[in-house]
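Chain residues, written in single-letter form:
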Amino acid sequence: MTDFKTLLQQRRLSATHPQTSVPRPYETLAVLGGGAWGTALAIVAARAGCQVRLWLRDSARAAEIARTRRNTARLGDIPIPPGVIPTADFAAALDGAAAALLVTPSATVREMARRIAAHPAPHMPLFVSAKGIEAGTGLMMSAVAEEEAPGRVIGVISGPTFALETAAGHPTAATIACTAGADVPPYLRPGARMAASLTCDSFRPYVSDDMAGVEVGGAVKNVIAIACGMLAGAGFGENTRAALITRGLDEMKELAVCLGGRRETVTGLSGMGDLMLTCSSPQSRNFRYGFARGAGRSDADAFDGAPVLVEGRHNAVTVTDLARRLHLHMPICEMVRAVVADGRPIGEAFAGFWAAPIQAEPRALDLAFPHPAEAEVTRRFEALLP
Ligand SMILES: NC(=O)C1=CN([C@@H]2O[C@H](COP(=O)(O)OP(=O)(O)OC[C@H]3O[C@@H](n4cnc5c(N)ncnc54)[C@H](O)[C@@H]3O)[C@@H](O)[C@H]2O)C=CC1
Ligand SMILES: O=C(CO)COP(=O)(O)O
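About the criteria used
Residues numbered from 1 in each chain as written. Chains lettered and ligands numbered in written order. Predicted model: local features only at pLDDT ≥ 70, side-chain atom pairs only at ≥ 80, totals over all residues. Near = placed C-beta within 6 Å. Helix = DSSP H or I, 4+ residues; strand = E, 2+ residues; numbered from the N terminus. Nonpolar A, V, L, I, M, F, W, Y, C, P; charged D, E, K, R; others polar. Pairing = 2+ DSSP bridges. Right-handed = clockwise from strand over helix to strand, strands pointing away. Axes fitted to C-alpha atoms, helices over the stretch in contact; angles between N-to-C directions. Parallel < 35°, antiparallel > 145°, perpendicular 65-115°, else oblique. Left-handed = near helix turned anticlockwise from the far one by under 90°. Contact = placed C-beta atoms within 7 Å.

Undergrad: How should the site of ligand 1 be read in this particular structure?
TA: Among the 24 residues in the neighbourhood of ligand 1, the closest are listed as G35, A36, W37, A130 and A163. Tallying contributions element by element places helix α2 (residues 36-47) first for the shell around ligand 1, with 3 residues. Tallied by class, the residues present in the shell around ligand 1 amount to 10 nonpolar, 10 polar and 4 charged.

Undergrad: When you look at the pairing of strand β8 (residues 203-208) in this model, what are you seeing that I'm missing?
TA: Consecutive residues of a regular strand have side chains that alternate between opposite faces of the sheet. Across 6 bridges, strand β7 (residues 172-178) lies against β8 in parallel orientation. Note that in β8 the partner of T172 across the bridge is F203. Regarding the hand of the β-α-β motif, the stretch spanning β7, helix α9 (residues 190-198) and β8 is right-handed.

Undergrad: Whenever I open this one, the packing of helix α15 (residues 311-325) against helix α16 (residues 331-340) confuses me. Can you help?
TA: When two helices pack together, you describe them by how their axes are tilted relative to each other and by the distance separating the axes. Close contact between α15 and α16 brings their axes to 9 Å; oriented N to C, the two are set at 125°. Relative to α16, the element α15 lies oblique. Crossing of α15 against α16: the hand is left-handed. Residues G312, R313, A316, V317, V319, T320 and A323 of α15 form the contact with α16, whose own contacting residues are C333, E334, V336, R337 and V340. Along the lines of polarity and charge, the residues of the contact of α15 with α16 split into 7 nonpolar, 2 polar and 3 charged.

Undergrad: Help me out: how do you make sense of the environment of L322 in this one?
TA: Its place among the elements puts L322 in helix α15. Along the chain, L322 and A180 lie 142 residues apart, while their C-alpha atoms are 26 Å from each other. The contacts of L322, once residues within four sequence positions are left out, are I133 and G138.

In structure tokens:
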């Protein structure tokens, strides 16, 4: 039987595109943020043949990774290829890099983009792979980066990509969205070049020009994953999860369209794909956090006090703040906000979603059906609890 690697090689050789149309990878990449996902992306880029500088703010950890060739705290025993050079020196990570990937938590993207902008390489494209919406401004991560680093090419990377599986070499796909380069042939565009820089046997990027659609998917799925975790933690099963994923997708679509994105983008890897992944797996930190809350644990106890990044926790507020400003109804995200930010019991919060007027699907047809009062739905929910 032909093995997977040989099949891939055959596919490449039989590609009908002439050689000139193959995008040229960036030879040297700076990956800023050496957590789980930054390290996984650095590993992927090295497997694809790039020279990678992986920047971590903690010099002891950078030194340990350089010595052991492992990011044990985040990725266990997975080896880091020789093409990845860990460093805590920010300028050294960026010097000579042809492009940068920003992979720190969404709440830090502004300060990180400001630091990058201060570095004298104004033509270096910057791809953001943090999933979230900024508090206060309601801006997507690409817009935050653009404000701090005006004039630079900005792109985003998002999709159903658990860091551990990506680093371990499980076949993984993601979307790279970038609008820059409309005036040059497709193979010279920064989005295609970044895709070429990350393409290896186990990682398959797709390219898109719909930044808003891709970013909304990545930000909102974290909140929906918390919702799915909560209801699973409370004892409910697959019907409930399927309802939350599907109606969550609807919330995503409407927000994406309001922000200039396309509905079909949200049904791709970064929306539907990431919902399927994170809403169904305890590997997801957002799902695990929701599950702990649904099972009755407090916010502080959700991870036994360990500092775990749960993007959906503060993004429940940033997403709903933005939706409220846009007069957009996002009842599942509101439910999560009510629990994590306002301290409401899950049963009461669930009623806001479950007791809403009966709606048409798709929602554009909005019909005014009679519906039960919230208090009645709360009572029914509590009676259902196993
Ligand atoms: N872990 C995963 O499977 C995936 C994560 N992402 C996204 O990537 C982003 C980062 O997540 P992870 O790497 O998983 O988190 P993580 O918690 O493993 O790592 C975050 C890293 O950022 C660093 N950091 C935190 N605050 C910082 C600051 N102010 N300045 C500089 N560095 C700072 C931390 O020291 C740590 O190295 C998040 O937005 C997440 O949603 C996206 C796809 C997959
Ligand atoms: O974004 C992710 C996978 O695509 C990681 O999800 P969690 O942050 O919920 O672990």
